[in-house]
Each structure stands twice: as C-alpha cells, then as structure tokens.
Amino acid sequence: MVVVTTSRRPRQTARQWAERMARDLETVFLPREDRSLKRLMEEVGGAEGAVVVGNGEVWWEDRFGHRFQFHPNLAALRVKSLAAGGEDAMVSAAKMMPGDQVLDCTMGLGSDAIVAAHVTGAEGGVLGLESQPVIAALVAYGLQHYQPSSHRLKEAMRSVQVVNVDYREYLYQQHSRSVDVILFDPMFRQTVNRSSGIQPLKKLANPRPLDRESVRQAVRVARKRVVLKERLMSGEFERLGFQVVKEASNHAFGIIEP
C-alpha cells in the first residue's frame, strides 16, 4: 500500500496536489502534521511507501528512506547534444524525424520520451505508457513542473503525454499503422546503470519481460520501426526477432521494420 501526504509545512497548492494525486492513485491522503514519514506509514498499517508532495516537488519514499523523484537526467545532455548537431543512438536506430508520432511503451523515467519529443517537434507527438501508477504519477508531475534551465528541454518535457496503462493492453486497442515509431526499453527494470536515481525505481517497476505477442502487436501498429533497447548479450533480440543496428558499451538497439 502507498499513501499520499505532504511535506511538513505545505502551501495550500501542495495540499491540493496531494489530494488530487491520492484520488488518481486510488489511495488515502493523510495530513502530514508533524509526523515523520516512517511514523505516518506505521500508523496506517505498515504502508510500503509514501508519495510526498512538497512545495514545487513530489517524491516517493519508503520506510527505509529510499527515495524516487523525477529528474530529466541524461535527457538534458542528449537534447543538448542533438541541438548542437550530435547523434543520438536511439534516434538513429528509430530513424526518428520531425513530425513523427512516437509511442514509448516503457516510459520509466521518461528520458527517451523527452528526447523523442525534442526530435519530433511541435508537429509530432510523443505518448509515454507506464504500467506502474506511482511512477506514472511522479513522472507526469515532473514533466509538467520541473524547471530546467534550457528552454528547448522544457518544451520537450511539457509536450510529452503520459498514460498509466500496461502496453500489452494498450497496443491491442490501437489501429494498424497508427504511429510512426514504437519504443521498448525494459532495461530500466534490470539496469546496469548505477545512477542513484535509477536504483529506487527498481522497487516500483514492473519486472515482467517483453513478450512476443506484444512485439507482434507493435509491428502491426507501427508505420516505420519498432525499436528495442536491451543488453547485447541478453538473448532478447534473438528471442523477439529484432535485428541489432546500434551497439554501445553495455546495451544495443534492435529494430523491426513492419
């Protein structure tokens, strides 16, 4: 169970956001008052974690102090590099272009979705799917409220749409050839990245691997390419029928062209 509360001295807007987030997560809102998070969680029957809405920030924290909070992380560097004429491995693998409609089936922290939004621009569109409610809620909040120093990064972040849904369910409902590029990046569930921002996310993430039927549905829905990011030696590219087109030190990108 996850509860929603505020920081110790919240402004009225923070309390309103907390109440709204509790409704979205279908859980309880508990006024923080002067209680520690650990005490608050114990008082409601041992909640596993709490979503905390502060003044301008939102985070999840468990009783051991592990915290997850949205941050654009590497997306900021990737957008800056692309704006300077550099190359991005995911963008190249997907042959992503301005105006493309992109579906990110495993949004996670939202880094790939942000980069895709920068590339596709105002005439394109990026939809990020996230099956885990807490991750979806925190990343959706961060995409709309985090204040980066870069105007182009801010534009990209604000344009990403987030839906809390399992891609297995979502793909079945879509028309054939209805988006240009579909992205799968299940690596954040079993990541080799040692970032402190990634590790707490593993406690919340959906551990289920990508399945062949979902890939088949993605191939049906995509117009241009379906892209998978995975460890090169994981065996997933071969199992799921992807052709490796880009390799890096600890991961690779595979594609299927419909």
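Here the structure is shown first, and the text comes after it.
The structure contained in this document is the topic of the report that follows. This is a predicted model, so every value here is computed, not measured.

The next thing to look at is helix α6 (residues 133-145). Under the 1.5 Å per step criterion, the end-to-end length of α6 is 18 Å for 13 residues, consistent within 8% with the ideal 18 Å. Taken as a whole, α6 has its buried residues at V134, I135, A136, A137, L138, V139, Y141, G142 and L143.

Turning our eyes to something else, we now look at the pattern of salt bridges. Summed over all chains, the structure comprises 16 salt bridges. A salt bridge links D100 to K224, with the nearest nitrogen and oxygen atoms 2.8 Å apart. Here D100 is found in the loop between α4 (89-94) and β5 (101-104), whereas its partner K224 is found in strand β9 (residues 222-230), with 124 residues between them in sequence. Here D100 falls in the buried class, since its relative accessible area comes to 6%.

Tracing the backbone shows E130 in the loop between β6 (125-129) and α6. A distance of 3.1 Å separates the side chain of E130 from the backbone nitrogen of G108, its partner in a polar contact.

The next thing to look at is the sheet that holds strand β3 (residues 58-62). The sheet built from four strands is open, its strands ordered β1-β2-β3-β4 with mixed pairing. Unpaired on one side and paired on the other, β1 (2-6) and β4 (67-68) mark the two borders of the sheet. In this sheet, β3 lies alongside strand β2 (residues 49-53) in antiparallel orientation, the contact comprising five bridges. Each residue of the ladder has a partner; that of V51, found in β3, is W60. Seen against the sheet, helix α1 (residues 12-24) touches β1, β2 and β3 and runs at an angle of roughly 170° to β1. The strands that α6 touches are β1, β2, β3 and β4; relative to β3, the one it contacts most, it runs at about 150°.

Turning to helix α3 (residues 74-83), its buried residues number three or more, namely A75, R78, V79 and L82. Looking straight down α3, one finds that the buried residues subtend no more than 100° of arc, so they occupy a single side. Of the residues in α3, the exposed ones pointing more than 90 degrees away from the buried face are L77 and K80. Tucked inside the fold, the buried residues of α3 contact α4, α5 (111-120) and α7 (151-159). Once α3 ends, the next one or two residues include G85, with phi positive near 95°.

Criteria and thresholds
Once a new chain begins, its residue numbering starts again from 1 and follows that chain's sequence as written. It should be noted that, the model being predicted, local features are given only for residues of pLDDT at least 70 and side-chain atom pairs only at 80 or more, the latter also being counted only at that level, while totals for whole chains, interfaces and linings use all residues. Neither water nor hydrogens contribute to the side-chain values; these are computed over all heavy atoms in the structure. Helical segments are the DSSP runs of H or I of at least four residues, strand segments are the runs of E of at least two, and each set is numbered from the N terminus. Multiply 1.5 Å by the residue count of a helix minus one, and that product is the helix's expected span. Only protein chains enter the accessibility calculation, which uses a 1.4 Å probe; a residue is then buried when its area is under 20% of its type maximum, exposed when over 50%, and partly exposed in between. Any Lys or Arg side-chain nitrogen located within 4 Å of an Asp or Glu carboxyl oxygen qualifies as a salt bridge. Think of a polar contact as two N or O atoms within 3.5 Å of one another; within protein, one of them needs to be a possible hydrogen donor and the other a possible acceptor, and neighboring residues in sequence only count if both atoms come from side chains. A pair of strands is treated as paired once DSSP finds two or more bridges between them. When checking whether two residues touch, look at their non-hydrogen atoms; a contact exists if any pair is within 4.5 Å. Where helices are involved, their axes are fitted lines through C-alpha atoms of the stretch in contact, as for all axes, and angles between N-to-C directions lie from 0 to 180°. To be clear, the arc concerns the directions from the helix axis to the C-beta atoms.

All we've got here are geometric facts, nothing functional implied.
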